[in-house]
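# Breakdown of the fold
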Amino acid sequence: FITQFTKIRRNETSPLTYHKTLNYGDCIMEKRLAQKSGIQEPIFLNTKGQISEGATTNVFFIKNRQIIAPPLSCGMLPGIIREYLYQSYAIQERIITPEDVMSYDEMFLTNSLLGIMPVNKLGHHSFSSMKIGKNLLKEFNINSQTALSI
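We now turn to the structure provided with this report. Residues take numbers from 1 onward in each chain, read along the sequence in its written order. Reporting of local features is limited, given that this is a predicted model, to residues whose pLDDT is at least 70; pairs of side-chain atoms are given and counted only at 80 or more, and all residues count toward the totals for whole chains, interfaces and linings. Excluded from the side-chain calculation are hydrogens and water; included are all heavy atoms of the structure.

This paragraph deals with the sheet that holds strand β9 (residues 121–122). Strand order in this open sheet of five strands is β3-β2-β1-β9-β10, and the pairing throughout is mixed. The sheet terminates laterally at β3 (51–54) and β10 (125–126), the two strands that pair on one side only. Any two residues having at least one pair of non-hydrogen atoms within 4.5 Å are treated as being in contact. Only the stretch in contact is used when a helix axis is fitted, and all axes are lines through C-alpha atoms; the angle between N-to-C directions ranges over 0 to 180 degrees. Secondary structure elements follow DSSP: runs of H or I no shorter than four residues count as helices, runs of E no shorter than two count as strands, and numbering proceeds from the N terminus. Contacts from helix α1 (residues 25–36) reach β1 (2–10) and β2 (41–46) within the one sheet, and its direction differs from that of β2 by about 130 degrees. A pair of strands is treated as paired once DSSP finds two or more bridges between them.

Right, let's get into a nonpolar patch on the surface. Exposure above 30% relative accessible area and no salt bridge define the residues that can form patches, which grow by joining like charges within 9 Å and nonpolar side chains of Val, Leu, Ile, Met, Phe, Trp and Tyr within 5 Å. Under the convention used here, a 1.4 Å probe and the Shrake-Rupley method define accessible areas, while residue burial counts only the protein chains that appear. Each salt bridge in this description consists of a side-chain nitrogen of Lys or Arg and a carboxyl oxygen of Asp or Glu lying within 4 Å of one another. Nonpolar side chains collect at one region of the surface, where F1, L113 and L114 lie side by side and expose about 340 Å² of accessible area between them. Counting through the fold element by element, L113 comes out in the loop between β7 (106–111) and β8 (115–119).

What follows concerns helix α2 (residues 80–88). Burial classes follow relative accessibility: with a 1.4 Å probe on protein chains only, a residue under 20% of its type's maximum area counts as buried, one over 50% as exposed, and anything between as partly exposed. Residues I81, R82, Y84 and L85 constitute the buried set of α2. Mapping the buried residues of α2 onto a view down its axis gives an arc of 160 degrees, with all of them on the same face. In this structure, α2 carries I80 and Q87 as exposed residues pointing more than 90 degrees from its buried face. Comment: arc refers to directions from the helix axis out to C-beta atoms.

Attention now goes to the packing of aromatic side chains. The aromatic pairing rule takes the rings of Phe, Tyr and Trp, using the six-membered ring of Trp, and pairs them if the centres are within 6.5 Å, calling planes under 30 degrees apart stacked, those over 60 edge-to-face and the rest tilted. Counted by the stated rule, this structure contains four aromatic pairs. Geometrically, the ring pair formed by F60 and F108 is stacked, given 5.0 Å between the ring centres and 5 degrees between the ring planes. With F60 in strand β4 (residues 58–63) and F108 in strand β7, the pair connects residues that are 48 residues apart, well separated along the chain. Considered together, F60 and F108 belong to a single accessibility category, that of buried residues. Judged by centre distance (4.9 Å) and plane angle (35 degrees), the rings of F61 and Y104 are tilted. Within this pair, whereas F61 is found in strand β4, its partner Y104 is found in the loop between β6 (91–93) and β7, the two being separated by 43 residues in sequence. Among the residues examined, F61 registers a relative accessible area of 0% and is labelled buried. Each member of the aromatic cluster is reached from another via a ring pair, and the members are F61, Y104 and F127. When the ring centre of F44 is taken as reference, the NZ or CZ atom of R10 above it lies at 3.8 Å. The rule for a charge over a ring is simple: NZ of Lys or CZ of Arg within 6 Å of the ring centre, and within 35 degrees of the ring normal.

Tracing the sequence through the fold places S88 in helix α2. Among the polar contacts made by the side chain of S88, one reaches the main-chain carbonyl oxygen of Y84 at a distance of 2.9 Å. N or O atoms closer than or at 3.5 Å make up a polar contact, with two conditions inside protein: a donor-capable atom paired with an acceptor-capable one, and, for residues adjacent in sequence, both atoms drawn from side chains.

Reading across from one edge, β6-β5-β4-β7-β8 is the order of the five strands in this open sheet, with mixed pairing throughout. In this open sheet, the two edge strands, each paired with only one partner strand, are β6 and β8. Adjacent strand axes in the sheet meet at a mean angle of 35 degrees, parallel and antiparallel pairs treated alike. Pairing analysis gives three bridges linking β4 to strand β5 (residues 66–69), with the strands arranged antiparallel. Across the sheet, I62 pairs through a bridge with I67, a residue of β5. α2 rests against β4, β5, β6, β7 and β8 of the sheet, and its axis sits at about 120 degrees to β7.

And the structure:
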C-alpha cells in the first residue's frame, strides 16, 4: 500500500469529524486525486499538522514492536477495526507529525471493508518492515473467519 499526505486538513475541533455523516466530499475528492498519482490512500493531517486519518482508513504505526496510533482528539472517525485492535492489543496513543514518520518501523491502515493493510510507503519514506502488519492481518483474518462461522 502506498500513501501520501493530502493538502486538505481535518478539523479536529468540529464535532461532525467524529461521526459518520453524508459529508465525505473531501475524502472522495482526495481519494480520486491520489489514485491518479498511483497513491492508494491519502492521509489527512489536522489543523495542528498532526496525523489524523486516511480518507477511508484509520492510521497505525509500529516502533520497537509497539503499536502506536493517533488519539481520537486528532480528528478522526473511530473505526470498527480500530476498536477491534484496541480491544485485542495494547495500543499506545501518541501525537504523530509528518516529521516523526521516519522514526517508525512500520505503518498500517484499517477499515471495515479491507481489514488491516500494511503500508510500504508514506510520501517519500519507505518503511523498513511490514512484518507485524502482515501478522496482524493474518490474525484478523483468522479471527474474523472464526466469528463468521459461529
